[in-house]
Amino acid sequence: MSIDMTRTRILLLASGMGMALLLAMGCSRKDPAELVRQRATERWDLLAGRHAVKAYDYLSPGYRSTHTLEQYVSFVATARVQWKSAKVDSIQCDADSCTAKLTVLTVLPGALMQRPSDMEYPAPVVEQWVRSDGEWYFLPDAKIEAKSIAEQAASQAAAQTPAPAAEVPAAEAPKAAPPAAAEAGSKDDRK
């Protein structure tokens, strides 16, 4: 075999490998909206399963630099509501940020609503997600759309048949903390 033919084969092999590498890199770049959809669902699944330690890793690096793991775990452990599931309704993305609209199935304790049993409530939630070092993170500046969960649930409960008086007098009943609003941070958390 001649030297020219060997060089030609090496060049063809190297260029073929280079093209394959570029093609593989292009195919592995996922749509930011799909990545955020996946991460938002994973995060809410962790919260519903009471895995706050793992859910903490989904928070933005800036938020984690100002709020310790212990603080976050304490918040989740003492939340007066429980989260059962979440469904991502829509996602809008810019270069390094996305806004996700979700419906979170929340369980409100009967005592909060002065009812004999717990009440499930689909809460609309808007979340901000930011990209940092190539990964997407939840930026705790989320808001509950319209009224707070407790107000919405109270108006829904009032529209239903009145329930017998609860054991906890209204003056002593604790107020529910909205699941996303209670995690609120500042816009300065973007890192």
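Whatever comes next refers back to the structure up there.
The notes below deal with the structure included here. (Residues numbered from 1 in each chain as written. Predicted model: local features only at pLDDT ≥ 70, side-chain atom pairs only at ≥ 80, totals over all residues. Heavy atoms only, no water.)

**What to know about the state of the cysteines**
Under the definition given, this model contains 1 disulfide. Across the disulfide, Cys93 is cross-linked to Cys98 (sulfur-sulfur distance 2.0 Å). With the S-S bond torsion at 105°, the cross-link from Cys93 to Cys98 turns out right-handed. Cys98 gets classed as buried once you look at its relative accessible area, which sits at 1%. (Disulfide = S-S within 2.5 Å. Buried < 20%, exposed > 50% of the residue type's maximum accessible area, 1.4 Å probe, protein only.)

**Some words on the packing of aromatic side chains**
A complete count under the given rule lists 5 aromatic pairs for this structure. Between Trp44 and Trp83, the ring centres sit 5.9 Å apart and the planes meet at 80°, which makes this aromatic pair edge-to-face. You can see Trp44 sitting in helix H2 (residues 32-48) and its partner Trp83 sitting in strand S1 (residues 82-93), a full 39 residues away along the chain. Ring pairing ties together the aromatic residues Trp44, Tyr56, Tyr72, Phe75 and Trp83, which thus form one cluster. (Phe/Tyr/Trp six-rings, centres within 6.5 Å; stacked < 30°, edge-to-face > 60°. Helix = DSSP H or I, 4+ residues; strand = E, 2+ residues; numbered from the N terminus.)

**Some details on the pattern of salt bridges**
Inspection of every chain in the model, using the stated rule, returns 6 salt bridges. The salt bridge involving Asp89 is made with Lys87; its shortest N-O contact spans 2.8 Å. Residue classification places Lys87 among the exposed positions, given a relative accessible area of 52%. (Salt bridge = Lys/Arg side-chain N within 4 Å of Asp/Glu carboxyl O.)

**Remarks on the nonpolar core**
By size, the foremost hydrophobic cluster in this structure holds 33 residues, and its most contacted members are Tyr72, Trp83, Leu102 and Trp129. Where this core is concerned, the elements lending two or more residues are H2, helix H3 (52-56), helix H5 (69-78), S1, strand S2 (97-108), strand S3 (119-132) and strand S4 (135-144). Looking at this core element by element, the count peaks at 6 residues for H2. (Core = buried A, V, L, I, M, F, W, Y, C linked by side-chain atoms within 4.5 Å.)

**Focus on the pairing of S1**
Bridging between S1 and S2 involves 10 bridges; their strand directions are antiparallel. Paired with Ser90 across the strands is Lys101, a residue of S2. Counting the residues that bridge the hairpin from S1 to S2 gives 3 residues. (Pairing = 2+ DSSP bridges.)

**Regarding the environment of Tyr72**
Position of Tyr72 among the secondary structure elements: in helix H5. Separated by 16 residues in the primary sequence, Tyr72 and Tyr56 place their C-alpha atoms 7.0 Å from one another.

**A short note on unusual backbone geometry**
For Arg50, which is not glycine, the phi dihedral falls at a positive 60°. Checked against the element boundaries, Arg50 lands in the loop between H2 and H3.

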